[in-house]
Amino acid sequence: MSLTVPNDLLDQARAGDVDDAAFVACVRDSLPYAWSVISELVQQRGQSGAEFADNQVPPPSEEARGQLLRCLASDSMRGALERHFGVRLAFQNCHRVAVFDPSAEKALAEFVTPRAQILNQKPELVDC
């Protein structure tokens, strides 16, 4: 299961629209490893002023890897986090998360090319 949804949030969803802040809190609480990676990258990018910051360290466990995959494979979770942090997210392999300044369109476009994906392949990532 991707998220552990509190009853009040489930009730909110049944009644209509879900509050973005409540959904983001649910993602944060349900997927703490994914949240920590993304929030740390947001902080790094903000401090450096660079167009993007990315994580190149494999997750410490399969559970952590699964959190990243679930979080970034979900359009709703990814979109909510992008709105919350004011960034664009991109993902390669099973762990290379990147956060981009929204104005860094060229850098993002280069990151998501087939060429970039191929150049990011490493023997230790074959099973991810």
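A quick note: this is a predicted structure, and the numbers were derived from the prediction, not measured.

Visitor: Would you mind showing me how to read the overall build of the protein here?
Guide: Counting secondary structure elements, the protein contains seven helices and three strands. Secondary structure of the protein in N-to-C order comes out as α-α-α-β-α-α-β-β-α-α. Scaling as 2.2 N^0.38, a compact globule of 128 residues should have a C-alpha radius of gyration of about 14 Å, and the protein matches this with 15 Å. For the protein, the spread of C-alpha atoms along the principal axes amounts to about 45 × 35 × 25 Å. By residue count, 40% of the 128 residues in the protein fall in the buried class.

Visitor: What am I meant to see in the pairing of strand E2 (residues 88-92) here?
Guide: Alignment of E2 against strand E3 (residues 96-100), held across five bridges, turns out to be antiparallel. Across the sheet, Gln92 pairs through a bridge with Arg96, a residue of E3. Hairpin remark: E2 followed by E3, antiparallel, with three residues in the connecting loop; positive phi at Asn93, about 55 degrees.

Visitor: Mind showing me how you'd approach the sheet that holds E2 here?
Guide: As a general point, the strands of a sheet are linked pairwise by backbone hydrogen bonds and lie either parallel or antiparallel. With antiparallel pairing, three strands are arranged side by side in an open sheet as E1-E3-E2. Looking at strand neighbours, the two that pair on one side only are strand E1 (52-54) and E2, the edges of this open sheet. Strand after strand, the sheet turns through a mean of 20 degrees between neighbouring axes, direction not considered. With three bridges joining them, E1 and E3 adopt antiparallel strand pairing. Residue pairing across strands places Asp54 opposite Ala98, the latter belonging to E3. Across the sheet, helix H4 (residues 62-73) lies against E2 and E3, angled at about 130 degrees from E2, the strand it touches most.

Visitor: I tried to follow the pattern of salt bridges on my own but got confused; where do I start?
Guide: A side chain with one charge may pair with a side chain of the opposite charge, provided their charged atoms come close. Applying the stated criterion to the full structure yields eight salt bridges. As a salt-bridge pair, Arg88 and Glu82 come within 3.9 Å of each other at their nearest N and O atoms. You can call Arg88 partly exposed: its relative accessible area is 39%. The exposure class assigned to Glu82 is buried, which follows from its relative accessible area of 17%. In this structure, Glu110 and Lys106 form a salt bridge, with 3.7 Å as the shortest nitrogen-oxygen distance. Within this pair, Glu110 and its partner Lys106 are both found in helix H6 (residues 105-111), separated by four residues, close to a single helical turn. For Glu110, a relative accessible area of 44% corresponds to the partly exposed category.

Visitor: Is there a simple way to think about the confidence of the model for the protein in this case?
Guide: Interpreting fine coordinate detail is not advised for predicted regions of low pLDDT. Here the protein shows a mean pLDDT of 90. Residues at 70 or above account for 94%. Looking across the protein, the model is least confident in helix H7 (residues 114-119), with a mean pLDDT of 77, and most confident in helix H3 (residues 32-48), with 97.

About the cut-offs
Residues numbered from 1 in each chain as written. Predicted model: local features only at pLDDT ≥ 70, side-chain atom pairs only at ≥ 80, totals over all residues. Heavy atoms only, no water. Helix = DSSP H or I, 4+ residues; strand = E, 2+ residues; numbered from the N terminus. Rg over C-alpha atoms; globule rule 2.2 N^0.38 Å. Buried < 20%, exposed > 50% of the residue type's maximum accessible area, 1.4 Å probe, protein only. Pairing = 2+ DSSP bridges. Axes fitted to C-alpha atoms, helices over the stretch in contact; angles between N-to-C directions. Contact = heavy atoms within 4.5 Å. Salt bridge = Lys/Arg side-chain N within 4 Å of Asp/Glu carboxyl O. pLDDT = per-residue confidence, 0-100.

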